Amino acid sequence: RITAAQLNTTGGDIVLGAEGNEVTVLRAQRHSPSKCQVAFMQTQCHSYPFQITVSHRIVVEASDGHLETMTVEKWFLRDPKPRIYDGRQFHEVVRVWIDELATEIVEVTFAEDADVLAWVLPKRACSSRPPLRADVAVACRGARLRPRDIRVSEGDLGLGIDRTFLCCRHQPEKKQRSLSA
């Protein structure tokens, strides 16, 4: 168990992703406490609400039954409200409200913009440390990737490197012109 505030600011930590995948933290940037809108979301599985800023991205069930990522703010505008994902299954939110709170925000960026699982434990959990239950996790995404976070290796997407340029590896062979005698 680790909180966002405990993550290494320069990245390198490994956290649990959706469907049990390991996800690498690229960076964790702490922001000074300020007022922000926080959504309190509760499913039938939650004994206390999950808290998340309205600008944060969560993973939900799309109208076609697949996964979709959207901000909590956008989720509020949907009718009916999409079910939220816990990394394995979807849950209907049975109670939700927004409050403006003064709180410290930790902006975490994950490799490949991967889905990660997050839990909010009740304040009393610090001493009793209840086991984490999969059905009360919420799959979400971190801060959006910056251009410098995207790494292209030779061979990715069929690309190669020629001097300092990216080029298509599968270029058709150049035909030789006929030589006159």
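Residues numbered from 1 in each chain as written. Predicted model: local features only at pLDDT ≥ 70, side-chain atom pairs only at ≥ 80, totals over all residues. Heavy atoms only, no water.

Caption draft 1: Looking closely at the overall build of the protein chain. Broken down by element type, the protein chain carries two helices and twelve strands. Starting at the N terminus and walking to the C terminus, you meet the elements of the protein chain as β-β-β-β-β-α-β-β-β-β-α-β-β-β. Burial status across the protein chain gives 33% buried among its 181 residues. Carbon together with sulfur atoms contributes 49% to the accessible area of the protein chain, which is approximately 12,500 Å² in total. (Helix = DSSP H or I, 4+ residues; strand = E, 2+ residues; numbered from the N terminus. Buried < 20%, exposed > 50% of the residue type's maximum accessible area, 1.4 Å probe, protein only. Areas by Shrake-Rupley, 256 points an atom, 1.4 Å probe, with all protein chains shown as cover.)

Caption draft 2: Quick look at the packing of aromatic side chains. Inspection of every chain in the model, using the stated rule, returns three aromatic pairs. Between the aromatic rings of Phe40 and Trp97, the centroid separation amounts to 5.0 Å while the plane-to-plane angle is 0°, which identifies the pairing as stacked. Of this pair, Phe40 sits in strand β2 (residues 22-43) while Trp97 sits in strand β8 (residues 93-110); the two residues are 57 residues apart in sequence, bridging distant segments of the chain. The exposure class assigned to Phe40 is buried, which follows from its relative accessible area of 10%. Seen in terms of ring centroids, Trp75 and Phe76 are 5.3 Å apart; in terms of plane orientation they differ by 90°. Their pairing is edge-to-face. Classification of Trp75 by relative accessible area gives buried; the value is 1%. For the cation-ring pair, Lys81 lies above Trp75, with the distance from its terminal atom to the ring centre recorded as 5.8 Å. (Phe/Tyr/Trp six-rings, centres within 6.5 Å; stacked < 30°, edge-to-face > 60°. Lys NZ or Arg CZ within 6 Å of the ring centre and 35° of its normal.)

Caption draft 3: A look at the side chain of Asp86. The residue Asp86 is located in the loop between β6 (84-85) and β7 (90-91) in this model. For the buried Asp86, no salt bridge is present, and the opposite-charge side chain at shortest range is Arg88, 5.1 Å distant. For Asp86, the side chain forms a polar contact with the main-chain nitrogen of Arg88, separated by 2.8 Å. Among the polar contacts made by the side chain of Asp86, one reaches the side chain of His91 at a distance of 2.8 Å. Apart from residues no more than four positions distant in its own chain, Asp86 is found in contact with His91, Leu117, Ala134, Asp135, Ala137 and Ala139. (Lys, Arg positive; Asp, Glu negative; His and termini not counted. Salt bridge = Lys/Arg side-chain N within 4 Å of Asp/Glu carboxyl O. Polar contact = N/O pair within 3.5 Å; in protein donor to acceptor, adjacent residues only side chain to side chain. Contact = heavy atoms within 4.5 Å.)

Caption draft 4: Region of the structure containing the environment of Gln6. Along the chain, the position of Gln6 falls in the segment before β1 (14-16). For the pair Gln6 and Val106, spaced 100 residues apart in sequence, the C-alpha separation works out to 9.6 Å. Side-chain polar atoms of Gln6 contact the backbone nitrogen of Thr3, separated by 2.8 Å.

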